[in-house]
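What follows is the residue order along each chain.
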Amino acid sequence: MLTLGIDIGSTTSKAVILKDGKDILATSLVVATVGTNGVSRAIENVFLTSGLRESEIACTVATGYGRQTYEKADYQISELSCHALGVNHIFPEVRTVIDIGGQDAKVISLNEMGRMENFVMNDKCAAGTGRFLDVMATILNLDISRLELEAAKAERIVNISSTCTVFAESEVISQLANGVAIPDLVAGICQSVAVRVASLAKRVGIREKVCMSGGVARNGGVRNAMQEELGVEICYDERAQLMGALGAAIYAANKAGKSG
Ligand code: ADP
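Cut-offs used in this document
Residues numbered from 1 in each chain as written. Predicted model: local features only at pLDDT ≥ 70, side-chain atom pairs only at ≥ 80, totals over all residues. Heavy atoms only, no water. Domains from an automatic or database assignment. Contact = heavy atoms within 4.5 Å. Buried area = accessible area lost by both parts, 1.4 Å probe. Salt bridge = Lys/Arg side-chain N within 4 Å of Asp/Glu carboxyl O. Pairing = 2+ DSSP bridges. Helix = DSSP H or I, 4+ residues; strand = E, 2+ residues; numbered from the N terminus. Expected span 1.5 Å × (residues − 1). Buried < 20%, exposed > 50% of the residue type's maximum accessible area, 1.4 Å probe, protein only. 1 Å grid on protein atoms, 1.4 Å probe; cavity = no way out; pocket = protein on both sides within 12 Å on 5 of 7 lines; lining within 4 Å. Points joined across faces, edges and corners; volume = space filled by probe spheres on them. Nonpolar A, V, L, I, M, F, W, Y, C, P; charged D, E, K, R; others polar. Axes fitted to C-alpha atoms, helices over the stretch in contact; angles between N-to-C directions. Parallel < 35°, antiparallel > 145°, perpendicular 65-115°, else oblique. Left-handed = near helix turned anticlockwise from the far one by under 90°. Core = buried A, V, L, I, M, F, W, Y, C linked by side-chain atoms within 4.5 Å. Phe/Tyr/Trp six-rings, centres within 6.5 Å; stacked < 30°, edge-to-face > 60°. Lys NZ or Arg CZ within 6 Å of the ring centre and 35° of its normal.

Q: I tried to follow the domain arrangement of the chain on my own but got confused; where do I start?
A: By domain assignment, the chain separates into domain 1 (1-91 + 241-260) and domain 2 (94-236). Listed per partner, the contact involves 15 residues of domain 1 and 21 residues of domain 2. Regarding the contact of domain 1 and domain 2, the summed buried area is about 1,500 Å², with carbon and sulfur atoms giving 66% of it. Where domain 1 packs against domain 2, one counts one salt bridge.

Encoded structure:
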């Protein structure tokens, strides 16, 4: 039985095809804002790379910020449940999921069965989200994927004191004008995100093991800073950005399995 999970995020669309609720057959990721053709491109790509056809899919579930925009889905499910399901599939022992996406951050607490028990969320402020990192990468003229490499070269982490993204932007520009080394600044930028999200995480309570999901988890600079802030080891899988789509495909498999 094949199922399709689609995660329509604020900055990226992701798709996963799953076999029998277990095996990931194909994935795709398209960087495009919600409301564009990013979703149809992500779906097209996942079928192209797998050689499968849409008619072979038993059930499709859409999740993410833009899930209501995909009307062909059989179900539309919150990304909180989907990230919980996706992470539980890869790391069954995880009890806390820290999901940082393009415009929000969520900390999800899982029970012994790996199901969502509680959560806290920041969707009001860009600080502590991927947006903050995207803005800073643009100022520094760096690709987002390079931030972790720069952070790893830091000799003295520069503290970013502004809590607001707009003020932090000015702060980074003036640090650059003062000749501060880019790696030291980047490490400070990653630390700033980790500090904000760690304080959110402490509100829900940290239970090990802890995993990071979402696109920002791909940034090793933020993962390392988060480990420092929380004093725990962070589990990470290179498919971190696909966890929501994976969870959606698992949900679809559960539904199709029950009705089939
Ligand atoms: P959404 O679901 O809201 O679209 P994602 O979970 O896809 O968000 O995360 C998007 C964020 O991930 C971006 O804002 C960016 O900061 C970060 N990101 C994307 N690709 C990379 C990468 N290769 N390395 C590091 N960070 C990345």
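That shown, we press on.
Q: Where do I start with the sheet that holds strand β9 (residues 210-213) in this structure?
A: Where strands meet in a sheet, backbone hydrogen bonds hold them as pairs that are either parallel or antiparallel. Reading across from one edge, β8-β7-β6-β9-β10 is the order of the five strands in this open sheet, with mixed pairing throughout. Across the chains shown, the open sheet's two edge strands, defined by having one partner strand only, are β8 (116-122) and β10 (234-235). In terms of strand pairing, strand β6 (residues 96-100) meets β9 through four bridges, oriented parallel. Considered in β9, the bridge of Ile98 is made with Met212.

Q: Would you explain helix α1 (residues 38-50) in this entry?
A: Structural remark: α-helix, 3.6 residues per turn; residues separated by three or four positions point the same way. Along its 13 residues, α1 runs 18 Å from first to last C-alpha, staying within 8% of the 18 Å computed at 1.5 Å per residue. Of the residues making up α1, those classed as buried are Gly38, Val39, Ala42, Ile43, Val46 and Phe47. At its buried positions, α1 is contacted by β1 (2-8), β2 (12-19), β3 (23-31) and β4 (57-63). One or two residues past the end of α1 sits Gly51, with phi positive at roughly 75 degrees.

Q: Can you walk me through the layout of surface pockets in this structure?
A: Gaps left between atoms show up when a probe the size of a water molecule is rolled over them. Of the pockets and cavities examined, the largest pocket occupies roughly 720 Å³. In terms of lining residues, the largest pocket is bounded by 32 residues, among which Thr11, Thr12, Gly215, Val216 and Gln241 are the most central. Only β2, β3, α2 (79-90), β6, α3 (130-139) and α4 (147-152) provide two or more residues apiece to the lining of the largest pocket. In terms of residues, the lining of the largest pocket owes the most to one element, α3, which gives three residues. Here the lining of the largest pocket is built from residues that sort into eight nonpolar, 15 polar and nine charged. Of the residues that make up the lining of the largest pocket, three or more belong to each of domain 1 (1-91 + 241-260) and domain 2 (94-236). When its volume is computed, the second largest pocket comes out at roughly 230 Å³.

Q: Any chance you could explain the packing of helix α5 (residues 165-177) against helix α6 (residues 182-204) here in plain terms?
A: The angle between the axes and the distance between the axes are what describe a pair of packed helices. For the pair α5 and α6, interaxial distance at closest approach is 10 Å and the crossing angle is 160 degrees. Between α5 and α6, the crossing angle belongs to the class labelled roughly antiparallel. As for how α5 packs across α6, the hand of that crossing is right-handed. For the pair α5 and α6, the contacting residues are Val172, Gln175 and Leu176 in the first and Ile182, Leu185 and Ile189 in the second. Tallied by class, the residues present in the contact of α5 with α6 amount to five nonpolar, one polar and no charged.

Q: Teacher, can you tell me more about the nonpolar core here?
A: For soluble globular proteins, nonpolar side chains are generally found buried alongside one another. By size, the foremost hydrophobic cluster in this structure holds 42 residues, and its most contacted members are Ile98, Ile100 and Met226. Take this core: its biggest share by element is twelve residues, from α6. Among residues more than four places away in sequence, those in contact with Ile98 are Lys106, Val107, Val197, Ala201, Val210, Cys211, Met212, Ser213, Met226 and Leu230. Ranked by size, the runner-up nonpolar core spans 20 residues in total, among them Ala84, Ile90, Leu246 and Ala249.

Q: It is not clear to me how the packing of aromatic side chains should be interpreted in this structure. Could you clarify?
A: The description of two aromatic rings rests on the distance between their centres and on the angle between their planes. Evaluated as defined, the whole model comprises one aromatic pair. The interplanar angle of 70 degrees and the centroid separation of 6.1 Å between the aromatic rings of Tyr75 and Tyr251 together place this pair among those described as edge-to-face. Of the two residues, Tyr75 sits in strand β5 (residues 75-76) while Tyr251 sits in helix α8 (residues 243-259), which places them 176 residues apart along the sequence. When its relative accessible area of 33% is taken as the criterion, Tyr75 is described as partly exposed. Above the ring of Tyr236, the side-chain terminus of Arg223 is found at 3.7 Å from the ring centroid.

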